[in-house]
Amino acid sequence: MHAQSDFTIGQLAQRAELATETLRHYERLGLIEPSRRSPSNYRLYDNQALRRLRFIRRAQALGFSLPEIRQLLDLHRQGEGDMAQVRRIAEQRLRQIEQRMADLQRLRGGLEQLIEACPGHGALGECPILGALCSEEDPT
């Protein structure tokens, strides 16, 4: 290798605690890119790629999708402009999370009702949970 800050994809994966296939996927999406090629044509990545991977993981932990992360990385790379775009992306993600939470609460309520209706013993043909799952109606 040329310098201590150059990593093969395997070394980068190990440092970032990700699978090499995940890194290849991120590279195909344009989220990371090699800084150069070795004399034997191996892709080499620098510390910038490692920082981008950490950014990606933190953004994923907050629920951002890969397309949103790409937008955020592009905005970060620009380094100039108004932060309003970043805020809009975050607000949109928050609304999606809130919607998902509401959907999960609705599902929880429906499942609780089915569990309450099931005595927990008796013939399977009389099971209200299985009956609801076989029904033409939406159980929630």
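Residues numbered from 1 in each chain as written. Predicted model: local features only at pLDDT ≥ 70, side-chain atom pairs only at ≥ 80, totals over all residues. Heavy atoms only, no water.

A. Structural context of the nonpolar core. Among the nonpolar cores identified, the biggest contains 22 residues, and Leu-12, Leu-23, Tyr-26, Ile-32, Leu-53 and Ile-56 are the most heavily contacted of them. Mapped onto this core, the elements with two or more residues apiece are α1 (9-16), α2 (20-28), α3 (47-61) and α4 (66-78). The biggest single contributor to this core is α3, with five residues. Beyond its immediate stretch of four places on either side in the chain, Ile-56 contacts Tyr-26, Leu-31, Ile-32, Leu-66, Ile-69 and Leu-73. (Core = buried A, V, L, I, M, F, W, Y, C linked by side-chain atoms within 4.5 Å. Buried < 20%, exposed > 50% of the residue type's maximum accessible area, 1.4 Å probe, protein only. Helix = DSSP H or I, 4+ residues; strand = E, 2+ residues; numbered from the N terminus. Contact = heavy atoms within 4.5 Å.)

B. Structural context of the environment of Tyr-45. If you trace the backbone, Tyr-45 turns up in the loop between β2 (43-44) and α3. Separated by 12 residues in the primary sequence, Tyr-45 and Glu-33 have C-alpha atoms spaced 7.2 Å apart. Discounting chain neighbours no more than four positions away, the residues touching Tyr-45 are Ser-5, Asp-6, Phe-7, Thr-8, Ile-9, Leu-12, Glu-27, Ile-32, Glu-33, Pro-34 and Ser-35. Here Glu-27 takes part through its side chain, which lies 2.4 Å from a polar atom of the side chain of Tyr-45. Here the side chain of Tyr-45 touches Arg-43 through a polar contact of 3.3 Å, side chain to side chain. (Polar contact = N/O pair within 3.5 Å; in protein donor to acceptor, adjacent residues only side chain to side chain.)

C. A look at the packing of α4 against helix α5 (residues 84-117). Two elements in contact, α4 and α5, have axes separated by 10 Å at closest approach and are oriented at 160°. Compared by their axis directions, α4 and α5 come out roughly antiparallel. As for the relative orientation of α4 and α5, their crossing is left-handed in sense. Every residue of α5 that contacts α4 at Glu-68, Gln-71, Leu-72 and Leu-75 is listed here: Gln-85, Val-86, Ile-89, Arg-93 and Gln-96. Of the residues contributing to the contact of α4 with α5, the split by class is four nonpolar, three polar and two charged. (Axes fitted to C-alpha atoms, helices over the stretch in contact; angles between N-to-C directions. Parallel < 35°, antiparallel > 145°, perpendicular 65-115°, else oblique. Left-handed = near helix turned anticlockwise from the far one by under 90°. Nonpolar A, V, L, I, M, F, W, Y, C, P; charged D, E, K, R; others polar.)

D. Inspection of the confidence of the model for the protein chain at higher detail. Mean pLDDT over the protein chain works out to 90, with 95% of the residues at or above the 70 mark. Predicted confidence in the protein chain is weakest over strand β1 (residues 36-37), with a mean pLDDT of 90, and strongest over α5, with 95. (pLDDT = per-residue confidence, 0-100.)

E. Layout of the pattern of salt bridges. For the structure shown, the criterion picks out eight salt bridges. Residues Arg-43 and Glu-27 are paired through a salt bridge, measuring 3.7 Å at the closest nitrogen-oxygen approach. Pair noted here: Arg-43 is in strand β2 and Glu-27 is in helix α2, with a separation of 16 residues, a long-range link. The class of Arg-43 is partly exposed, set by a relative accessible area of 26%. (Salt bridge = Lys/Arg side-chain N within 4 Å of Asp/Glu carboxyl O.)

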